[in-house]
Amino acid sequence: MSSQVYRSASRTVRALLSASRRSPLLSGRTVAAATITTLGGKVPSFYERVDYKNSAGGWISGVLAVPAAAYMLQGQEVSAAEPERTFIAIKPDGVQRGLIAEILSRFERKGYKLVAIKLVLPSKEFAQKHYHDLKDRPFFDGLCDFLSSGPVLAMVWEGEGVIKYGRKLIGATDPQKSEPGTIRGDLAVVVGRNIIHGSDGPETAKDEIALWFEPTELVSYTSNAEKWLYGVN
């Protein structure tokens, strides 16, 4: 569920919970129904006892049906799920061949959001850090030489499923085994010049983003296209 939906639910529930404590006429059922509507009917409910103060100064006890998300909003914000991010790099061969615009457009057309980008000339020592998990492979030294042979366009992309589907956009490591329509399937020929790198899992993405970018270089913003990508009917 997107953070936009949670923010919408937060505003709705805070207003209704506040009103329900001022007036017993606004029932917990109303709060629950409004919250479930806001969250697309997917949030389970539980019950909480609430005391209302009536106009005569007395107290009325009742049971308030509150969806789990609404309960968490009492006294604190909902902890919206962290947006999924992946590290993508256009290698020196992709940069030198003038494929930057072509590759960026494929991620943009899919609907993913660019949140960090910079052109880097990595040292061999830095390349060794990036490929540390391959240090025992016979091709490790040559791989590091290649990554440090020219400019690399480092990027962070954000969106639901961006790690797994980003890999599908890229294609198999060997371009000869990549499907037509993928970046490598369309634009590369041999495995030694496969033009692009993408994180292969959540932990790898986290580590690679931290290696290539400072936290201040990552930008959080709302794209105008998000409501058309993640809207809830």
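Residues numbered from 1 in each chain as written. Predicted model: local features only at pLDDT ≥ 70, side-chain atom pairs only at ≥ 80, totals over all residues. Heavy atoms only, no water.

1. Focus: the confidence of the model for the protein chain
Here's step 1: Mean pLDDT over the protein chain: 79, with 65% of residues reaching 70 or higher.
Here's step 2: Counting interchain partners and residues more than four positions distant, the pLDDT-below-50 stretch residues 20-39 has 40 contacts.
Here's step 3: Confidence drops under pLDDT 50 across residues 41-55; counting only partners more than four residues distant or on other chains, this segment forms 51 contacts. (pLDDT = per-residue confidence, 0-100. Contact = heavy atoms within 4.5 Å.)

2. Here's the deal with the pairing of strand E5 (residues 152-158)
Here's step 1: Across the seven residues of E5, seven count as buried, placing the element largely inside the fold.
Here's step 2: Taking every second residue as pointing to the same face, both faces of E5 are buried, with Val152, Ala154, Val156 and Glu158 on one and Leu153, Met155 and Trp157 on the other.
Here's step 3: With six bridges connecting them, strand E3 (residues 85-90) and E5 associate as antiparallel partners. When the sheet's bridge partners are listed, isoleucine 88 is paired in E5 with methionine 155.
Here's step 4: Bridging between strand E4 (residues 113-120) and E5 involves seven bridges; their strand directions are antiparallel. (Buried < 20%, exposed > 50% of the residue type's maximum accessible area, 1.4 Å probe, protein only. Helix = DSSP H or I, 4+ residues; strand = E, 2+ residues; numbered from the N terminus. Pairing = 2+ DSSP bridges.)

3. Describing helix H8 (residues 162-170)
Here's step 1: Every buried residue belonging to H8 is among Val162, Ile163, Gly166, Leu169 and Ile170, and all of these are buried. On an axial view of H8, the arc spanned by its buried residues comes to 115°, and they lie on one face.
Here's step 2: Buried residues along H8 sit against E3, helix H5 (100-110), E5, helix H9 (183-187), strand E6 (196-198) and helix H10 (202-212).
Here's step 3: Just beyond H8, the residue with positive phi is glycine 171, at close to 100°. (Arc of directions from axis to C-beta.)

4. A few points about the sheet that holds E6
Sheets are built from strands that pair by backbone hydrogen bonding, the pairs being arranged parallel or antiparallel.
Here's step 1: One open sheet accounts for four strands, arranged E4-E5-E3-E6; its pairing is antiparallel. Of all the strands in the sheet, just E4 and E6 have a single pairing partner and so form its edges. Here the strands of the sheet are splayed against their neighbours by 15° on average, with no regard to which way each runs.
Here's step 2: Packed on one face of the sheet, H5 meets E3, E4, E5 and E6 and runs near 10° to E5.
Here's step 3: Each of E3, E4, E5 and E6 is contacted by H10, which is oriented at about 60° to E3, the strand it contacts most. (Axes fitted to C-alpha atoms, helices over the stretch in contact; angles between N-to-C directions.)

5. Looking at the environment of isoleucine 170
Here's step 1: Inspection of the secondary structure assignment puts isoleucine 170 in helix H8.
Here's step 2: The exposure class assigned to isoleucine 170 is buried, which follows from its relative accessible area of 1%.
Here's step 3: Once you skip the residues sitting within four places of it in the chain, isoleucine 170 turns out to touch Ile88, Phe107, Thr182, Ile183, Arg184, Ile196, His197 and Gly198.

6. Remarks on the packing of aromatic side chains
Ring pairs (aromatic) are described by centroid distance and by the angle formed between their planes.
Here's step 1: Under the criterion given, the structure shown has three aromatic pairs.
Here's step 2: Centre to centre, the rings of phenylalanine 87 and tryptophan 212 are 5.2 Å apart; their planes meet at 25°, and the pair counts as stacked. One end of the pair, phenylalanine 87, is in strand E3; the other, tryptophan 212, is in helix H10, with 125 residues separating them in the sequence.
Here's step 3: On the basis of relative accessible area, tryptophan 212 is assigned to the buried category, the value being 4%.
Here's step 4: Relative to tryptophan 157, the ring of phenylalanine 107 lies with its centre 5.2 Å away and its plane at 25°, an arrangement referred to as stacked. Residue phenylalanine 107 is found in helix H5, and its partner tryptophan 157 is found in strand E5; the two are separated by 50 residues along the sequence. (Phe/Tyr/Trp six-rings, centres within 6.5 Å; stacked < 30°, edge-to-face > 60°.)

7. Here's the deal with the pattern of salt bridges
Side chains that differ in charge, positive against negative, can pair when their charged atoms come close.
Here's step 1: Under the definition given, this model contains eight salt bridges.
Here's step 2: With a shortest N-O distance of 3.2 Å, arginine 106 and aspartate 186 are connected by a salt bridge. Residue arginine 106 is located in helix H5, and its partner aspartate 186 is located in helix H9; the two are separated by 80 residues in the primary sequence.
Here's step 3: Arginine 106 sits in the buried class, given a relative accessible area of 12%.
Here's step 4: Linked by salt bridges that have partners in common, Arg85, Lys113, Glu158 and Glu226 make up one network. (Salt bridge = Lys/Arg side-chain N within 4 Å of Asp/Glu carboxyl O.)

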